[in-house]
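Chains, contacts and geometry: an overview
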Amino acid sequence: MSDLVTLTIDGQQIQTAPNTLLVEAAAQLGILVPVYCYHPKLAPIGACRMCLVEIEGMPKLTPSCTTPVKEGMVVHTQNARVEKARRGMLEFLLIHHPLDCPVCDKGGECPLQDYTYEFGPRKTRFRYPKRHWDKPLQIGKNILLDRERCIMCLRCVRFCEEISDHQQIGVFERGHSQCIGTVPGHSFDSQFSGNTIELCPVGALTGAPTRFFGRTWEIQHTPSICTGCAAGCNIRIDHRQQRDVVRLWSRENKHTDDGWLCDRGRFGYEFVNQDRLKDFKILQDGQLVDATTQQATVKAASILSKHANSGSLGVLASPILTNEELYAVEWLTRSVLQTSSIDHTASAVNPQAVQLHSVVREAGFRSGVLTDIDEAAQIVTIGVDLSNDQPITELRVKKALFQRKAQLVSLYPETIELGRYTEHNLIYEPGQEASVVASLAAAVRSGGGEGVVGQAARLLSSEAPKAVIVGWKLQGLSDFSALAKALGELASALGPDVPCITIYPNCNTRGALDLGITPGWLPGGVAATGSSESGMTGIQILEAARDGRLKALWVVGAEPLLEADPELVKAALANVEFIYQGWSLRDVPVDPDVVLANVTFAEQAGTFTNTDGRVQRIYPAVKPHGRSRPGWQIVADLGRALGKTWEATSDQEVFEQIRQAVPAYSQIKWSEVGTLGVQSGASAPPAMAGATG
Amino acid sequence: MANEIVFSRNHIDNVKDLDVYVGNGGYSSLQKGLTMAPDELIELVKASGLRGRGGAGFPTGMKWSFVPKDTSKPHYLVCNADESEPGTFKDRQLMEVNPHQLLEGMILACHAIGAKTGFIYIRGEFVGPIQIVSRAIEQAYARGYLGKNIQGTGVDVDLAVHPGAGAYIWGEESALLNSLEGQRGLPRLKPPFPAVSGLYASPTIINNVETLANISHIVNNGADWFKQWGTERSAGTKVVSISGHVNRPGNYEVPLATPMMTLINEFAGGVRDGHKLKAVIPGGSSVPILPAEKCDINYDYESIQAAGSMLGSAGMIVMDETTCMVGVARNLVHFYRHESCGKCTPCREGTDWMFKILNELELTGGQMDDIDLLLDITDNMDGKCFCPLGDTSIMSVVSGIEHWRHEFEEHVRNGGCQQRAQNGH
Ligand SMILES: Cc1cc2nc3c(=O)[nH]c(=O)nc-3n(C[C@H](O)[C@H](O)[C@H](O)COP(=O)(O)O)c2cc1C
Ligand code: SF4
Ligand code: SF4
């Protein structure tokens with residue numbers, strides 16, 4: 001306790017950590033001090049002057065966003081003097097403000113509006129023409145700027161300087177002519193631009209795709225998870241009366257997103273609103289026609305039963321389906337249909353590299369989680385360009401580099417965005433991954449050496465907390481065993497307990513792996529034996545279908561189809577009995593024989609497992625379109641039609657079964673998953689048997 | 001002449017030339033000053049009672065002593081020659097006439113604070129001084145007064161000129177540092193203070209031209225010699241820039257505590273012919289205006305403060321009875337509105353709003369309640385701005401209404417400024 005600071009705010013005593021800012025100490029007491037420029041994730045600048053408070057013994061009012069607590073301080077945040085200053089500041093901010101709240105996206109959730117109601121003047125005393133600017137300006141693909149609404153808090157500019165380092169916007173002119181604008185020669189096309197919409201405390205920055213989405217008070221919010229990549233960013237789905245999704249908003253979870261979203265995720269929700277399948281369908285005389293759920297289920301079941309147990313069926317299930325859906329698909333495929341050709345991807349993955357997170361653990365690394373990056377002084381990225389592969393994790397690495405001066409070593413075939421911040425760019429010819437990793441390992445062991453590798457090794461041979469990040473692109477290597485060996489050498493060179501984080505491509509790739517949606521692996525990461533051992537991979541399934549070796553395909557979600565050569569996909573689908581289960585036919589190039597209408601993530605409850613094994617829940621935000629249903633319910637119906645009853649009536653019940661099947665999930669209590677998720681255990685069984693060999 | 005320090009060589013023809021300067025005792029302080037221990041030098045300047053001449057009047061020796069002794073970072077000295085305060089034009093003459101005196105002071109100051117590098121940040125519009133000081137630096141390098149091992153003392157000092165790019169706010173020391181670093185010239189959050197973390201986050205001392213110009217004389221002649229002028233709290237002499245309605249405007253170096261009326265009547269030749277003194281801004285545009293009846297005071301820090309104003313940058317603006325005080329306020333607020341950097345709300349918006357009201361009062365009269373509205377706006381700015389620019393932009397309005405409220409009211413009643421109408425503006 002002794003290293004806490006004791007002070008008094010509005011008559012209440014508080015003990016708090018040294019260096020706590022007054023505005024934060026007040027918040028700890030539940031006292032609201034209004035702020036505009038202050039934001040907990042940005043360095044304080046003390047510019048807006050909204051947060052002035054009185055400290056006894058100080059002649060002037062003091063900005064509480066830049067002043068740390070001091071022992072014995074006596075602070076007043078609500079006396080007449082402070083309130084007059086606050087009212088005055090709001091009046092200054094409003095003299096040129098257009099007061100166009102009725103047509104402003106921010107209206108209803110606007111701190112300028114809110115504080116004006118709470119603390120502000122009731123009437124204007126300003127009698128002159130207001131400042132005018134052309135508006136709105138489209139300053140980037142996704143961002144509109146209304147300078148008349150801007151209150152110059154500079155949060156947007158500071159985000160681009162301090163967090164993303166995409167310095168495409170800045171402040172121009174000065175004084176009363178000052179304005180935000182794009183840096184000459186740039187437009188605001190940062191893939192993180194959307195965060196400034198949330199940071200902007202007024203309606204000066206709005207989303208081009210979401211402009212005029214509706215009135216905020218008519219919008220409901222539902223917690224969910226972004227399906228854009230495997231980071232598992234927590235989001236809030238904003239929707240109108242459960243009808244359509246109008247925007248996605250961040251929902252801070254320090255384990256995954258740290259409060260930010262990338263534009264791909266933020267604006268990538270059209271698939272929920274557009275081109276949706278509302279009905280089950282069957283193919284009749286060359287035409288897809290609407291069918292009852294019953295009719296379509298029966299027809300699909302008859303196709304499946306025809307090919308069950310015969311090796312002539314292939315199953316592809318999308319890695320953006322929920323764990324519950326994937327678990328059901330796996331159950332029907334292996335247990336009911338006795339089929340072993342099941343995969344979640346149609347890109348080339350070396351069979352030895354499928355369970356990449358297990359491979360690195362076998363190599364001697366500790367199973368890493370994203371927050372390990374926050375502790376590391378040295379970060380090694382191997383075969384991954386986070387900019388593309390997991391943008392939010394790139395921000396986490398940038399935070400480590402900028403705020404903690406961590407150092408980076410990048411191994412990649414080209415210079416990546418993060419490469420700007422390091423001299424240690426180990427650029428290699430594709431195919432040379434194993435030898436680069438091995439030579440780095442050797443150099444670290446010998447404490448240095450020649451060239452870039454030697455320099456990087458000198459850095460890494462010092463005692464400092466490290467984190468390694470590996471990417472899924474390595475899974476494609478034809479000579480993966482050499483890389484696995486090299487990773488082992490690197491792990492032992494770097495010393496014990498270095499975490500390694502695996503970057504997977506899709507929001508539930510990790511879940512698909514845990515649930516056995518991959519040939520040769522059963523749920524729980526157990527290597528398959530016996531008859532299920534020899535399933536085909538996604539590409540092999542498509543090729544076999546094209547070549548007539550498979551007679552039927554059951555495709556759940558179109559994502560795997562998008563990964564393969566379109567000609568192959570077309571030829572394959574046209575050549576078999578084809579059951580398609582999904583939310584849209586947009587990416588399905590051949591009319592299926594049966595169409596089963598599945599909901600999207602926005603319409604159902606369930607869980608996803610993110611890149612580092614965090615299990616997180618999604619909640620239904622909008623109502624299912626037409627008669628579409630959650631995938632596990634469709635599968636249960638198929639099972640019943642095939643004479644196999646599967647007992648599960650809720651997502652929770654399915655999850656309980658998953659817990660039984662997947663040891664790494666066995667410790668997870670449903671009640672604790674909540675809205676922030678739970679880390680799955682590292683207690684997966686030894687995975688390498690027969691894999692790295 | 002006997003009462004001059006920094007102007008004492010101004011009469012010497014071409015003293016800006018190194019040979020002439022050296023021939024008249026220039027650079028003679030270096031042998032003594034550079035062989036003193038830095039701490040001794042700081043103590044000497046402390047003992048002299050020299051206060052910063054840039055405006056705030058902070059004791060110079062004390063400021064130097066704030067530089068941490070135990071850093072591995074380089075230390076810097078920065079000379080603030082951005083002189084942009086309306087009414088102030090002394091640094092310009094100090095640089096134009098006697099640039100080596102400044103360099104000599106900077107070399108000593110660098111030694112005192114452990115800096116090997118100094119920058120002279122000169123207001124960009126000062127094309128003449130930029131050339132003259134740059135030439136002096138070249139000469140000093142050529143003759144071993146700058147560079148390595150200055151005059152065999154083992155002390156190294158490099159100096160360079162950096163021209164400003166045209167904003168008043170860059171005279172504020174932390175904005176100046178940002179500008180010098182190539183950033184947008186906005187004032188910085190304090191703490192940390194520059195002495196601890198200034199230029200490139202390294203310990204930095206910023207001093208005004210006149211402050212630094214005094215140093216060689218203090219080293220040559222001692223602290224007691226310096227204190228023979230002025231008072232206990234206002235030691236030494238001061239260059240006062242006198243402008244406005246006087247017969248002989250110009251810079252005059254006088255002992256601190258010289259009567260203000262002596263400055264106006266004797267040095268500046270009195271109020272212009274036949275007119276009566278109405279008001280004086282004693283220390284540059286950022287200080288309150290004193291009405292004539294309060295001007296019978298000594299020109300030193302404490303006396304001017306007691307009278308309700310400040311010595312500031314010693315830019316003394318003299319106004320006779322023909323002056324319209326609404327016009328004065330309008331003119332000065334226009335300046336601050338133009339120069340506000342825009343960082344903080346009250347200065348950015350307050351200067352704009354004040355100007356709009358004053359402009360209307362002056363041109364078409366405005367409304368009677370505008371006067372109290374103006375005072376309320378100043379109250380909402382006073383002490384609430386990020387930096388002193390905003391806080392002091394209200395001075396002419398507050399003191400103007402305090403002493404000449406009737407003039408503001410007449411403007412309202414008359415639908416604008418009568419004088420302006422008569423003069424056909
Ligand atoms: C708006 C503003 C403008 C200033 N302009 C100048 C200037 O032009 N020259 C100057 O020496 N000091 C100026 N100052 C004061 C400096 O911030 C600083 O106090 C001074 O340079 C310190 O030097 P000194 O201790 O030798 O006086 C200004 C301050 C403010 C707030
Ligand atoms: S656009 Fe928004 S975030 Fe940016 S400075 Fe203006 S008010 Fe602040
Ligand atoms: S008071 Fe505020 S706006 Fe004005 S110059 Fe200082 S920081 Fe800039």
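Residues numbered from 1 in each chain as written. Chains lettered and ligands numbered in written order. Predicted model: local features only at pLDDT ≥ 70, side-chain atom pairs only at ≥ 80, totals over all residues. Heavy atoms only, no water.

Before going further, it helps to examine the overall build of chain B. From N to C terminus, chain B includes 19 helices and eleven strands. The globule rule puts the C-alpha radius of gyration for 425 residues at 22 Å, and the 22 Å found for chain B is close to it. Overall, the C-alpha framework of chain B stretches about 75 × 45 × 35 Å when taken along its three principal axes. For chain B, long-range pairs separated by at least 24 residues make up 69% of all intrachain contacts whose partners lie at least 6 apart in sequence. Counting every atom, chain B has about 15,400 Å² of accessible surface; 51% of that belongs to carbon and sulfur. Placing the 36 positive and 49 negative side-chain charges of chain B at their respective mean positions leaves the two points 4 Å apart. (Helix = DSSP H or I, 4+ residues; strand = E, 2+ residues; numbered from the N terminus. Rg over C-alpha atoms; globule rule 2.2 N^0.38 Å. Contact = heavy atoms within 4.5 Å. Areas by Shrake-Rupley, 256 points an atom, 1.4 Å probe, with all protein chains shown as cover. Lys, Arg positive; Asp, Glu negative; His and termini not counted. Charge placed at Lys NZ, Arg CZ, Asp CG, Glu CD.)

Time to look at the packing of helix 8 (residues 293-307) of chain A against helix 20 (residues 631-641) of chain A. All names here are of chain A. Between helix 8 and helix 20, the shortest axis-to-axis distance is 9 Å and the interhelical angle comes to 65°. In terms of crossing hand, the pair formed by helix 8 and helix 20 is right-handed. Judged by residue contacts, Thr297, Ala300, Ala301 and Leu304 of helix 8 engage Asp637, Leu638 and Ala641 from helix 20. Looking at the contact of helix 8 with helix 20 residue by residue, the classes come out as five nonpolar, one polar and one charged. (Axes fitted to C-alpha atoms, helices over the stretch in contact; angles between N-to-C directions. Left-handed = near helix turned anticlockwise from the far one by under 90°. Nonpolar A, V, L, I, M, F, W, Y, C, P; charged D, E, K, R; others polar.)

It is worth spelling out the packing of aromatic side chains at this point. A complete count under the given rule lists 25 aromatic pairs over all chains for this structure. Put simply, the rings of Phe92, Phe126 and Tyr128 of chain A together with Trp353 of chain B touch in pairs and so form one group of aromatic residues. Lying across the ring of Trp249 of chain A, Arg247 of chain A places its NZ or CZ 4.0 Å from the centre. When the ring centre of Trp249 of chain A is taken as reference, the NZ or CZ atom of Arg266 of chain A above it lies at 5.9 Å. (Phe/Tyr/Trp six-rings, centres within 6.5 Å; stacked < 30°, edge-to-face > 60°. Lys NZ or Arg CZ within 6 Å of the ring centre and 35° of its normal.)

We now examine helix 13 (residues 433-446) of chain A. All names here are of chain A. The first and last C-alpha atoms of helix 13 sit 20 Å apart over 14 residues, in line with the 20 Å expected at 1.5 Å per residue. For helix 13, the complete set of buried residues consists of Glu433, Ala434, Val436, Val437, Leu440, Ala441, Ala443 and Val444. Of the surrounding secondary structure, the elements contacted by the buried residues of helix 13 are strand 19 (378-382), strand 20 (407-412), strand 21 (425-427), helix 14 (451-460) and helix 15 (480-494). (Expected span 1.5 Å × (residues − 1). Buried < 20%, exposed > 50% of the residue type's maximum accessible area, 1.4 Å probe, protein only.)

Consecutive residues of a regular strand have side chains that alternate between opposite faces of the sheet. Residue and element names in this part refer to chain A. Most of strand 19 is tucked away: five of the five residues are buried. Burial along strand 19 is two-sided: the face carrying Gln378, Val380 and Ile382 and the face carrying Ile379 and Thr381 are both buried. Inspection of the sheet shows strand 19 paired to strand 22 (residues 466-471) by five bridges, in the parallel sense. The residue of strand 22 that forms the bridge with Gln378 is Lys466. Where strand 19 and strand 20 come together, five bridges link them in parallel fashion. In the sheet register, Gln378 faces strand 20, and the bridge partner there is Gln407. (Pairing = 2+ DSSP bridges.)

Structural measurements only, silent on function.
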